[in-house]
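Take a look at the letters that make up each chain.
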Amino acid sequence: MLIDSHCHIDGEQFNDDRDEVVRRARDAGVVAMLNIGTGDPGSDDFRKAVAVADQYEDVFAAVGVHPHDAKLYDDAAENHLIELVKSSAKVIAWGEIGLDFHYDHSPRDVQIDVLRRQIRTARALNLPIIIHSRSADDETVEILTEECSYNEFCGGIMHCFGGTPKMARSLIEIGFLISFAGNITFKNADNLREAAMAVPLGKMLIETDCPFLTPVPLRGKRNEPAFIVHTAAFLADLLKVSVDEFKEKTSRNFTEFFRLDPDLLR
Ligand SMILES: [Zn+2]
Ligand SMILES: [Zn+2]
């Protein structure tokens, strides 16, 4: 069994064949998918992300405003997202939130304020957070460490990990799981492979981040949850464990972290 800890199957890229995509994932052994809502919190984007989770029993959802859209975060946005969390038991996390200083689609000071505010909102709702960090790793670790020190529990998932082994260790220490995406299979990704070797298997997750980051050997195609088998096989080989053990442990990490029904793994 496999779990895709981060996908975007509510996106329009999947409007024509979403049923097929979910079926192919199940056929590939994917037992759960965490669908991450993104977009304008003033639109229906997040409602759609939750609707997809409500539609398929093995799809869960997260809602939270991406750093690209931090400038759109206000009281109305927050109330809308809180309402969605309360509307469905399938919403199990808040995110993806974080910092993206590569694209800078929102001003950096706004990204930082909105990240802190969303961490506190997630804590008030008792939800783990899904973190996105690009070209802002030091700032991300600093803010998470500081914000988490106010709370007994403040864990979550560092998605599409792209940092150093040191960053991974700092995040694990404050309660985070580290999730690797298909880009770890790319030829020039030695830094990701080095980081993965520094993460204990008991703290690791895998994800597609589909429709993006399609793993080798399918690079160039639209990514989808079924393709996670390639990332799993690649990482098992890198970490010198059997593919079955790798799949089983990363799946268990996910279900235990979110306190999901262990029968999911049967
Ligand atoms: Zn992301
Ligand atoms: Zn994402």
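Please read all numbers here as calculations on a predicted model, not as lab measurements.

1. Here we look at the coordination of the zinc ion (ligand 1)
- Taken together, Glu96 (OE), His132 (ND1) and His159 (NE2) make up the protein donors of the zinc ion (ligand 1), found 2.0 to 2.1 Å from the metal.
- Written as a sequence motif, the donor arrangement for the zinc ion (ligand 1) is E-x35-H-x26-H.
- A separation of 3.5 Å is found between the zinc ion (ligand 1) and the zinc ion (ligand 2), which are bridged by Glu96. On the criterion of sequence distance, the pair formed by Glu96 in strand E4 (residues 91-100) and His159 in the loop between strand E6 (156-158) and helix H6 (165-173) is long-range, its members being 63 residues apart. Taken individually, Glu96 and His159 each receive the classification buried, so the pair is uniform in this respect.

2. Some details on the state of the cysteines
- Scanning all chains against the criterion turns up one disulfide.
- In this model, Cys148 is linked to Cys154 through a disulfide, with the two sulfur atoms separated by 2.3 Å. Measuring handedness by torsion sign, the sulfur bridge of Cys148 and Cys154 sits at about -50° and is left-handed.
- Note on Cys154: relative accessible area 3%, which makes it buried.
- Summary of cysteine pairing: Cys7 is not part of a disulfide, and the nearest cysteine sulfur, belonging to Cys210, is at 4.9 Å.
- On the basis of relative accessibility, which here comes to 0%, the residue Cys7 falls in the buried class.
- The buried category is assigned to Cys210, whose relative accessible area is 0%.

3. Regarding the side chain of Ser106
- With respect to the helices, strands and loops of the structure, Ser106 is situated in the loop between E4 and helix H4 (108-124).
- On the basis of relative accessibility, which here comes to 1%, the residue Ser106 falls in the buried class.
- Separated by 3.0 Å, the side chain of Ser106 and the backbone nitrogen of Lys71 make a polar contact.
- With near-sequence residues (within four places) excluded, Ser106 lies in contact with Pro67, His68, Asp69, Ala70, Lys71 and Gln111.

4. Some thoughts on the packing of aromatic side chains
- Under the criterion given, the structure shown has three aromatic pairs.
- Between the aromatic rings of Phe161 and Phe180, the centroid separation amounts to 5.8 Å while the plane-to-plane angle is 70°, which identifies the pairing as edge-to-face. Taken together, the positions of Phe161 in the loop between E6 and H6 and Phe180 in strand E7 (residues 176-180) put the pair 19 residues apart, joining distant regions of the chain. The two residues Phe161 and Phe180 agree in class, both being buried.
- Both rings, one in Phe254 and one in Phe258, keep their centres 4.7 Å apart while their planes meet at 50°; by these two values the pair is tilted.

5. Focus: the environment of Asp138
- Note that Asp138 resides in helix H5 (residues 137-148).
- Separated by 25 residues in the primary sequence, Asp138 and Gly163 have C-alpha atoms spaced 9.4 Å apart.

Basis of the calculations
- Residue positions within a chain follow its written sequence, with the count starting from 1.
- Chains and ligands are labelled sequentially in the order written, the chains with letters from A and the ligands with numbers from 1.
- Local features are withheld for residues below a pLDDT of 70 in this predicted model, meaning they are given only at 70 or higher, and side-chain atom pairs are given and counted only at 80 or more; totals for whole chains, interfaces and linings count all residues.
- Based on all heavy atoms of the structure, the side-chain values leave hydrogens and waters out of the count.
- A donor here means any N, O or S atom no more than 2.8 Å from the metal (3.2 Å for Na, K and Ca); water is not included, so a site may seem to lack partners.
- Each helix is a run of H or I in the DSSP string that is no shorter than four residues. Each strand is a run of E no shorter than two, and both are numbered from the N terminus.
- Burial status follows relative accessibility: with a 1.4 Å probe on protein chains alone, a residue under 20% of its type maximum counts as buried, one over 50% as exposed, and anything between as partly exposed.
- Pairs of cysteine sulfur atoms within 2.5 Å are what we label disulfides.
- Any pair of nitrogen or oxygen atoms within 3.5 Å is treated as a polar contact; in protein, a donor-acceptor pairing is required on top of that, and neighbouring residues in sequence qualify only through side-chain atoms on both sides.
- Residues are treated as being in contact if the distance between any of their heavy atoms lies within 4.5 Å.
- What counts as a ring pair is set by centres within 6.5 Å for rings of Phe, Tyr and Trp (its six-membered ring), and what kind of pair is set by the plane angle: stacked under 30 degrees, edge-to-face over 60, tilted for all other angles.

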